[in-house]
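# A look at the structure
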Amino acid sequence: MKFGGTSMAGTERIRRVAGIVRAQAAKDSEVAVVVSAMAGETDRLVNFCREANALYDPAEYDVVVASGEQVTSGLLALTLQSLGCKARSWLGWQVPVATESAHGKARIAAITADAMIARLEAGEIAVVPGFQGLSEEGRVTTLGRGGSDTSAVAVAAAIDATRCDIYTDVDGVYTTDPRIVAKARKLKAVTYEEMLELASVGAKVLQTRSVGLAMKAGVRLQVLSSFVGEDAVAADDLPGTLIVSDQEMDELVKGGEMERQHVTGIAHDKNEAKIILTRVPDKPGAVADIFAPLADASINVDMIIQNVGRDKGETDVTFTVPQADLARAQALLEDRRGEIGFNRIITDSQIAKISVVGVGMKSHAGVASTMFRSLSDRGINIQAISTSEIKISVMIDEDETELAVRVLHTAYGLDAED
Ligand code: ADP
Ligand code: ASP
Ligand code: MG
């Protein structure tokens, strides 16, 4: 069971979480719980690091930001004990959750859960702080924002759990963010492949890595709400959204429990920024000269367009990077202006990426044209396009994000009936 930040925000909410955990444990289940820091706490800790030292050492940053989860894991163990349950916390270094050393975005390498499993078998609930791990050098690491989802899936895999239930502040995965579109519909199930794509283009209900790991390790995942009353349906009755294999999805469709849509969901991402390099020489190697230094600096480039060559053998190159990396990317490129040979560098953070995702589009033509037509009907200009087999993304002005998501939700027939 994993509980997110809103579910853990304050002792009263933690008491409700403890109630849900106790109910599960009472059904003869061995239960491991992964918790997030209280909502807003990680942001607060990140700010402290910035104030202390703008060029902070990522290893010390991890020491600071990992602390939010230490607090909630201890508090949940205490609350469970107060309800008469046997429970203890297991910090990342105690389990241990071994990770790579890339501070601030470490990947989990292995979880050795033998000691924890022995205690689970003895009827003790394990409470594990999400987001944190231990590097080979013996230092505290964190897994990147939203990383408690990945901790939960990794723990589930390590203890061979029957299921990994991700409890959050919405009762499942919706066709789009229900906080933006009131007519968003809850999905009974979504495939790993679609969920992976949705998460990677901005549906932050699950961290992307957690879905990738669940798919690889075959962990059965359910997303459901922790904001439930006493008479709520138990998690084993699957009240939330299940993340399933293609085969399971086929069975649900055949059984009439799910409908096949061309588009399953829509996501948006306001955290990217656009960079345009003008008058880049139109010759072999030019693009490699731009992207190699960014890759070396671990800056992820997403959408890329190389415009039609101008006369004089020059071209403009446009691409996006995470907003958080914009200043770094700009500085790296400025340093290499001579080698790359561009004229101007233009940046813009006021952009958003809107993506439509669905395995149905593999076998159906016209999904892209519906997107372009619906947006143009509302006067929304598309600045860039990128696609994968099951996704189409467009870059638009940030101010038009909510409108675009709503328009597309209606255009693909995803609106819930009143
Ligand atoms: P937690 O703190 O529990 O990890 P998050 O804030 O990380 O919770 O994720 C839950 C949020 O994800 C919801 O409140 C919702 O606004 C957002 N969200 C974005 N896209 C979707 C979607 N397609 N379905 C459900 N929730 C979504
Ligand atoms: N507390 C961490 C964050 O806010 C991890 C998580 O909540 O998943 O990013
Ligand atoms: Mg989250």
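An account of the accompanying structure is given in this report. (Residues numbered from 1 in each chain as written. Chains lettered and ligands numbered in written order. Predicted model: local features only at pLDDT ≥ 70, side-chain atom pairs only at ≥ 80, totals over all residues. Heavy atoms only, no water.)

## Considering helix α4 (residues 67-82)
Helix length check: α4 (16 residues) gives 23 Å between terminal C-alpha atoms against 22 Å at 1.5 Å per residue, within 8%. By the burial criterion, the buried members of α4 are Gly68, Glu69, Thr72, Ser73, Leu76, Ala77, Thr79 and Leu80. Down the axis, α4 shows its buried residues gathered within 165 degrees of arc, on one side only. Backbone geometry just downstream of α4 places Gly84 in the positive-phi region, at approximately 90 degrees. (Helix = DSSP H or I, 4+ residues; strand = E, 2+ residues; numbered from the N terminus. Expected span 1.5 Å × (residues − 1). Buried < 20%, exposed > 50% of the residue type's maximum accessible area, 1.4 Å probe, protein only. Arc of directions from axis to C-beta.)

## A closer look at the site of ligand 1
The local shell around ligand 1 holds 16 residues, among which Thr168, Asp169, Tyr174, Asp177 and Arg179 are the closest. In this structure, an oxygen atom belonging to ligand 1 sits 3.2 Å away from a side-chain N or O atom of Lys2. For the shell around ligand 1, the class distribution of residues is six nonpolar, five polar and five charged. (Near = heavy atom within 4 Å. Polar contact = N/O pair within 3.5 Å; in protein donor to acceptor, adjacent residues only side chain to side chain. Nonpolar A, V, L, I, M, F, W, Y, C, P; charged D, E, K, R; others polar.)

## Some remarks on the sheet that holds strand β15 (residues 304-306)
Judged by pairing direction, the sheet is antiparallel, and its four strands sit side by side in the order β15-β16-β14-β17 without closing on themselves. Only two strands of the sheet have a single partner each, and these edge strands are β15 and β17 (345-348). Within this sheet the neighbouring strands show an average axis-to-axis angle of 15 degrees, counted without direction. With four bridges connecting them, strand β14 (residues 272-281) and β17 associate as antiparallel partners. Residue pairing in the sheet places Ile275 in a bridge with Thr347 of β17. Against the sheet, helix α10 (residues 286-296) makes contact with β14, β15 and β16 (314-322), and its axis sits at roughly 20 degrees relative to β16, the strand it touches most. (Pairing = 2+ DSSP bridges. Axes fitted to C-alpha atoms, helices over the stretch in contact; angles between N-to-C directions. Contact = heavy atoms within 4.5 Å.)

## With respect to the packing of helix α3 (residues 58-65) against α4
Where α3 contacts α4, the two axes come as close as 4 Å, and the packing angle between them is 25 degrees. Accordingly, the angle class assigned to the pair α3 and α4 is roughly parallel. On α4, the residues touching Val63, Val64 and Val65 of α3 are Ser67, Gly68 and Glu69. Class assignment for the residues of the contact of α3 with α4 results in three nonpolar, two polar and one charged. (Parallel < 35°, antiparallel > 145°, perpendicular 65-115°, else oblique.)

## Quick word on the pairing of β16
With respect to burial, β16 is a largely interior element, eight of its nine residues being buried. Sheet topology places β14 next to β16; eight bridges connect them, and they run antiparallel. Bridging across to β16, Val280 finds its partner in Thr315.

## Let's talk about the site of ligand 2
Lining the immediate surroundings of ligand 2 are Ser36, Thr42, Glu69, Phe131, Arg145, Gly146, Gly147 and Ser148. Gly146 places a polar main-chain atom, nitrogen or oxygen, 2.8 Å from an oxygen atom of ligand 2. At 3.0 Å, a backbone N or O of Ser148 approaches an oxygen atom of ligand 2. In isolation ligand 2 has 270 Å² of accessible area, and contact with the protein removes 85% of it. Split by residue class, the shell around ligand 2 holds one nonpolar, five polar and two charged. (Areas by Shrake-Rupley, 256 points an atom, 1.4 Å probe, with all protein chains shown as cover.)

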